[in-house]
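Residue-level structural notes
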Amino acid sequence: WYQRRVREAVVSTQSTGKEKWDKLGAHKTATSGFTLGQAIACAVEFDNQHCGIYAGDWDSYKDFAAVFDPIIQEYHGISADAKHTSDMDFSKISGNVNPAAPVHSTRIRVGRSIDGFGLSPGITKEQRLGVGKLFKTASSN
């Protein structure tokens, strides 16, 4: 369903999709040189993708906001003026897992995001080597 929305938002011949493509189609992000065409490649190529739009770097969210924002808002059920806040203070967490709930395992999914480097879809070879060097330096200290 969201894949269809990506196509409607950008790829379709609807006037809004065409206007967005005409405005953003040739743009490349500063961090990775990622394009809107790369961001929507899965939605264009495959019919079995859950969403079909992926950011290549942090710039993708800003540079292609006209495409990303409405899809993100619809997917998460948030308004256009919603603000994300983070609070990493674990002392504010109260309560516990319901002891009656049969939790056998859990996982935490994390995505690597380092300022100045592309995300998985858009990271360049040079950036991958830079990440490796960064982690090598960090782990030797």
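For the structure given in this document, a descriptive report is provided here. Nothing here was measured: the structure is a model prediction, and the numbers come from that model.

On to the packing of aromatic side chains, then. Within this structure, the stated rule accounts for 2 aromatic pairs. Pairing Trp58 with Tyr61 gives two aromatic rings, centres 5.8 Å apart and planes at 45 degrees, and the pair type is tilted. Here Tyr61 and Trp58 lie together in helix α5 (residues 58-63), a separation of 3 residues that amounts to about one turn. Overall, Trp58 belongs to the exposed group, its relative accessible area being 55%.

One turn of an α-helix holds 3.6 residues; hence residues three or four places apart share an orientation. Spanning 12 residues, helix α6 (residues 65-76) covers 15 Å between terminal C-alpha atoms, matching the ideal 16 Å at 1.5 Å per step. Among all positions of α6, only Val67, Phe68, Ile71 and Gln73 are buried.

A few words on the pattern of salt bridges. Applying the stated criterion to the full structure yields 2 salt bridges. The salt bridge involving Lys62 is made with Asp59; its shortest N-O contact spans 3.5 Å. One end of the pair, Lys62, and the other, Asp59, are both in helix α5, 3 residues apart, so they sit about a helical turn from each other. The exposure class of Asp59 is buried, given its relative accessible area of 10%.

Calculation rules
- Residues numbered from 1 in each chain as written.
- Predicted model: local features only at pLDDT ≥ 70, side-chain atom pairs only at ≥ 80, totals over all residues.
- Heavy atoms only, no water.
- Phe/Tyr/Trp six-rings, centres within 6.5 Å; stacked < 30°, edge-to-face > 60°.
- Helix = DSSP H or I, 4+ residues; strand = E, 2+ residues; numbered from the N terminus.
- Buried < 20%, exposed > 50% of the residue type's maximum accessible area, 1.4 Å probe, protein only.
- Expected span 1.5 Å × (residues − 1).
- Salt bridge = Lys/Arg side-chain N within 4 Å of Asp/Glu carboxyl O.

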